[in-house]
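Here are the chains, one letter per residue:
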Amino acid sequence: MRIRYLAACAALLLLGGCATPFQAPATSAVQPRQLAGALNRVSWGVNQSTWQQAEKLGYDSWLDRQLHPSPAPLPPAAQAQIDAMTITRKPLRQLIEELDQQRKDIEKITVDDDKKSAQQAYQQELNRVAKEAAARSLLRDLYSPNQLQEQMTWFWMNHFSVHQGKSNLRVLVGDYEDKAVRPHALGKFRDLLAATLRHPAMIRYLDNEQNAANRINENYARELMELHTLGVDGGYSQRDVQELARILTGVGVNLGNAEPKVKKELQAQYLRQGLFEFNPNRHDYGNKEFLGQTVKGRGLAEVDEAIERLTRHPATARFISRKLAVYFVADEPPPALVGRMAATFAASDGDIAAVLRTMFTSDEFAQSLGRKFKDPVHYVVSAVRLTYDDKVILNTGPMLSWLNRMAEPLYGRQTPDGYPLTESGWASPGQMTTRFEIAKAIGSGNAGLFKTDGPQPTERPAFPQLANALYYQTLQQTLGQPTRQALEQATSPQEWNTFLLSSPELMHR
């Protein structure tokens, strides 16, 4: 029995990186028989509740609600976990001031052992705050009715990536996601870009607070064009990088209570919004030549002009459209589809939802269903959604641990390019083995998702029920013969769950 069990596991793992489940015929739109596959792509992973809602509304109406979401509450048990978090209860400024005071107090300690203990406590608090942000993000991914908004939040967090390990970004990443990215995830690209540009997490991560007249730092200017807008082949020059860096001088962060002493003639130019600060003392007021046009030196308005020019550039329309198509359609998306998406981007003035609609209603999208390999976040979130539907987990810790093991922790990409969106980044044998171990933990009900942390943990029984109506009415039809044979060989419900969750079909969306 043990040999048969391992043989079936090995067969599923070998198939996981190359099979093309959920095969879809060439159609002009998503057909009823493709509903589960489409939901699996547009959401964080199909589950029974999402499937029932889409069946009731019809796919087109469901998709329209996803593209233009109304505020929708989380289940009370999930919202209660978020409400109890420090990042919910304390404003960002207060949290930063308290932690900064803790850091300053450490500097006054003279006993080495005491200082070391205080430093460890400080680092642990930073880690705890960042973990809260990651837990909140996962709870929203799992249970928000606005699934596309949450998935696009992850997409843009990856596109405008910051690494929590730098400076005090562990305190800032939750606010960055919640205030700068999430509200604009389906809105105008210009507004999203402007919000990330003015957030201290981005400014600090790419060193723009060090960028000042006669002391230029080009880090943010370069990534703003190469990674965030035009793309590496977007037609800009090194001179454009230098000129954009000059435009961005004075854009910085003020985490304290005091304001700088600004020259009298420049005081009207000073701006502070939250933790964002534009300090005219640090700005280069000379004229600039950016992307072939003159930008007259006049302060923060130069930044707004640069954003406008970047977001309306044809290269940005192509770059963003292609990246969306890579994420949602194929590792090498059809050029014709990207071209239509770019045309929508330009015609709609960068309306993200409009670009997504062009993609989601295309023949190419329907034909691609089931062929897009899941990155680790997609695999973990979709597996938990499918397994437990709307039954709210008590502990996101195991999910965070799994993502660490698979090298895709939230806010953990050290370079500003974001995690890869293609199969080659995630389909190694080691990755597949880890996925099987995760499938076994979830499928057996021993993953720890329903056991709280702390000195007096509570645990709630939650055995997975994957052999449900969703499986028999739709998922079963998408399984290939090898997966069906493996499921027939299962000797217990736990094995059956494990085989399904580690199947090639569940590795794709």
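As the structure is a computational prediction, the values presented were derived from the model and not from experiment.

1. A closer look at empty space enclosed by the protein
Here is step 1: In this structure the tally under the stated criterion is four cavities of 30 Å³ or more.
Here is step 2: Size it by volume and the largest cavity reaches roughly 130 Å³.
Here is step 3: Contributing to the lining of the largest cavity are S137, W154, M157, N158, S161, V162, E177, L410, Y411, G412, R413 and Y419.
Here is step 4: Top contributing element to the lining of the largest cavity by residue count: helix 9 (residues 147-159), with three residues.
Here is step 5: The class makeup of the residues in the lining of the largest cavity is six nonpolar, four polar and two charged.
Here is step 6: Put simply, the second largest cavity is a space of about 80 Å³.
Here is step 7: Around the second largest cavity, the lining comprises 11 residues; the ones closest to its centre are N40, V46, K374, L386 and L506.
Here is step 8: Partitioning the lining of the second largest cavity into residue classes produces five nonpolar, four polar and two charged.

2. A look at helix 9
Here is step 1: Taking 1.5 Å per residue as the helical rise, helix 9 with its 13 residues ought to reach 18 Å, and the 18 Å between its terminal C-alpha atoms agrees with that figure.
Here is step 2: In terms of burial, helix 9 is largely enclosed, as 13 of its 13 residues are buried.

3. Looking at the environment of E308
Here is step 1: Tracing the backbone shows E308 in helix 15 (residues 300-311).
Here is step 2: With 240 residues separating them in the primary sequence, E308 and H68 have C-alpha atoms 24 Å apart.

4. Quick word on the nonpolar core
Here is step 1: Residues M152, W156 and L356 are the most contacted members of the largest nonpolar core, which totals 153 residues.
Here is step 2: Sort the elements by how many residues they give to this core and helix 8 (residues 112-143) lands first, with 11 residues.
Here is step 3: Dropping the residues within four chain positions of it, W156 is found in contact with V181, A185, F189, L192, I320 and I352.

5. Some remarks on unusual backbone geometry
Here is step 1: Positive phi, normally seen in glycine, also occurs at D207, with a value near 65°.
Here is step 2: Looking at the secondary structure, you find D207 in the loop between helix 12 (200-205) and helix 13 (219-226).
Here is step 3: Here D207 falls in the buried class, since its relative accessible area comes to 13%.
Here is step 4: The backbone of D389 sits at a positive phi, close to 50°, despite the residue not being glycine.

6. What to know about the layout of surface pockets
Here is step 1: Each pocket or cavity is described by its volume, and for the largest pocket that value is around 530 Å³.
Here is step 2: Lining the largest pocket are 22 residues, and of these E226, F319, R322, K323 and V326 lie nearest its centre.
Here is step 3: The biggest single contributor to the lining of the largest pocket is helix 16 (residues 314-328), with six residues.
Here is step 4: Considering only residue class, the lining of the largest pocket consists of nine nonpolar, five polar and eight charged.

7. Overview of the side chain of T316
Here is step 1: Examined against the element boundaries, T316 turns out to sit in helix 16.
Here is step 2: Classification of T316 by relative accessible area gives buried; the value is 0%.
Here is step 3: Setting aside chain neighbours within four positions, we find T316 in contact with F189, T229, L230, L310, T311 and F345.

8. Some words on the sheet that holds strand 3 (residues 276-278)
Here is step 1: With respect to topology, three strands assemble into an open sheet ordered 1-3-2, the strand pairing being antiparallel. Each end of this open sheet is capped by a strand with a single partner; those strands are strand 1 (251-253) and strand 2 (271-273). If you compare each strand with its neighbour and ignore which way they point, the axes differ by 25° on average.
Here is step 2: As defined by bridge partners, strand 1 adjoins strand 3 across three bridges and the pair is classed as antiparallel. Pairing of V253 across the sheet is with F276, part of strand 3.

9. Some details on the pattern of salt bridges
Here is step 1: Within the structure shown, the criterion is met by 30 salt bridges.
Here is step 2: Measuring nitrogen to oxygen at the nearest pair gives 2.9 Å for the salt bridge that ties R222 to E218.
Here is step 3: Overall, R222 belongs to the partly exposed group, its relative accessible area being 26%.
Here is step 4: Measuring nitrogen to oxygen at the nearest pair gives 3.1 Å for the salt bridge that ties E332 to R322. Taken together, the residues E332 in the loop between helix 16 and helix 17 (335-347) and R322 in helix 16 connect sequence positions 10 residues apart.
Here is step 5: Here E332 falls in the exposed class, since its relative accessible area comes to 63%.
Here is step 6: Salt bridges here are not isolated pairs; linked through shared partners, they connect D100, R103, K104 and E107.

10. A word on helix 4 (residues 59-67)
Here is step 1: What helix 4 keeps buried is the set Y59, W62, L63, Q66 and L67. Axial view of helix 4: buried residues confined to an arc of 135°, hence all on one face.
Here is step 2: Looking at the buried residues of helix 4, the elements they touch are helix 2 (35-42), helix 3 (48-57), helix 9, helix 18 (352-360) and helix 19 (363-368).

11. Let's talk about the packing of helix 20 (residues 376-388) against helix 21 (residues 397-405)
Here is step 1: Taken N-terminus to C-terminus, the directions of helix 20 and helix 21 make an angle of 150°; their axes are 9 Å apart at the nearest point. When the interaxial angle is binned, helix 20 and helix 21 end up roughly antiparallel. Crossing of helix 20 over helix 21 shows right-handed handedness. Of helix 21, the residues touching helix 20 (which contributes P376, V377, V380, V381 and V384) are M399, W402 and L403.
Here is step 2: The class makeup of the residues in the contact of helix 20 with helix 21 is eight nonpolar, no polar and no charged.

Definitions and limits used
Residues numbered from 1 in each chain as written. Predicted model: local features only at pLDDT ≥ 70, side-chain atom pairs only at ≥ 80, totals over all residues. Heavy atoms only, no water. 1 Å grid on protein atoms, 1.4 Å probe; cavity = no way out; pocket = protein on both sides within 12 Å on 5 of 7 lines; lining within 4 Å. Points joined across faces, edges and corners; volume = space filled by probe spheres on them. Helix = DSSP H or I, 4+ residues; strand = E, 2+ residues; numbered from the N terminus. Nonpolar A, V, L, I, M, F, W, Y, C, P; charged D, E, K, R; others polar. Expected span 1.5 Å × (residues − 1). Buried < 20%, exposed > 50% of the residue type's maximum accessible area, 1.4 Å probe, protein only. Core = buried A, V, L, I, M, F, W, Y, C linked by side-chain atoms within 4.5 Å. Contact = heavy atoms within 4.5 Å. Pairing = 2+ DSSP bridges. Axes fitted to C-alpha atoms, helices over the stretch in contact; angles between N-to-C directions. Salt bridge = Lys/Arg side-chain N within 4 Å of Asp/Glu carboxyl O. Arc of directions from axis to C-beta. Parallel < 35°, antiparallel > 145°, perpendicular 65-115°, else oblique. Left-handed = near helix turned anticlockwise from the far one by under 90°.

That is the geometry; function is a separate question.
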